[in-house]
Amino acid sequence: KIMYSDKVMDHFLNPRNTGDLPEADAMGEIGNPACGDMMRLFLKIEKDVITQARFKTFGCAAAIATSSILTEMAVGKTLDEALLISKEDVAAALDGLPPKKMDCSNLAADALHQAIQNYRLNKS
Ligand code: FES
């Protein structure tokens, strides 16, 4: 049986910032081919700062929890700061993930990076 930290369980059972963001300025979508799980991340961006983030994730407990904490980590950051958020940062913010589940935190970090890239492409 996989043991999760209390923080993972909290974010899995009470995920923050779920759902659509109708006026989103950016969207990132990432799937994990290994398991078929996927995450969609929506951002509101004002003057290069992320002001709101919401997500929709079909996935395991780790995927939901990492998506949830990622939205909290991203808000208030500039786009350049947000690009520095790694999957290790996401896992660490949840007091760690079981080794087998580390890849699940890729979804959140990659979706964030992709949303920012999409945003910059659309603006240029
Ligand atoms: Fe698919 Fe966790 S098992 S993201």
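Located above this text is the structure these notes cover.
All values reported here derive from a predicted model rather than from experimental measurement.

Thresholds, definitions, all that
- Residues numbered from 1 in each chain as written.
- Predicted model: local features only at pLDDT ≥ 70, side-chain atom pairs only at ≥ 80, totals over all residues.
- Heavy atoms only, no water.
- Buried < 20%, exposed > 50% of the residue type's maximum accessible area, 1.4 Å probe, protein only.
- Helix = DSSP H or I, 4+ residues; strand = E, 2+ residues; numbered from the N terminus.
- Pairing = 2+ DSSP bridges.
- Expected span 1.5 Å × (residues − 1).
- Axes fitted to C-alpha atoms, helices over the stretch in contact; angles between N-to-C directions.
- Parallel < 35°, antiparallel > 145°, perpendicular 65-115°, else oblique.
- Contact = heavy atoms within 4.5 Å.
- Nonpolar A, V, L, I, M, F, W, Y, C, P; charged D, E, K, R; others polar.

1. Side note on the pairing of strand β1 (residues 26-31)
Here's step 1: The alternating pattern of β1 places A26, G28 and I30 on a buried face, while none of M27, E29 and G31, on the opposite face, is buried.
Here's step 2: In terms of strand pairing, β1 meets strand β2 (residues 38-46) through six bridges, oriented antiparallel. Within the sheet, the bridge partner assigned to I30 lies in β2 and is M39.
Here's step 3: Counting the residues between successive antiparallel strands, the hairpin from β1 to β2 contains six residues, one of them, G36, with a positive phi of roughly 85°.

2. Side note on helix α2 (residues 61-74)
Here's step 1: Here α2 is 14 residues long and its end C-alpha atoms lie 20 Å apart, about the 20 Å a rise of 1.5 Å per residue gives.
Here's step 2: Within α2, 13 of the 14 residues are buried, which leaves it mostly tucked inside the rest of the structure.
Here's step 3: Once α2 ends, the next one or two residues include G76, with phi positive near 95°.

3. Describing the packing of helix α1 (residues 6-13) against α2
Here's step 1: Orientation of α1 relative to α2, taken along the N-to-C sense of each, is 85°, at an axis distance of 8 Å. Overall, the two elements α1 and α2 adopt an arrangement that is roughly perpendicular. On α2, the residues that touch V8, H11 and F12 of α1 are A61, I64, A65, S68, I69 and E72.
Here's step 2: Residues that form the contact of α1 with α2 fall into these classes: six nonpolar, two polar and one charged.

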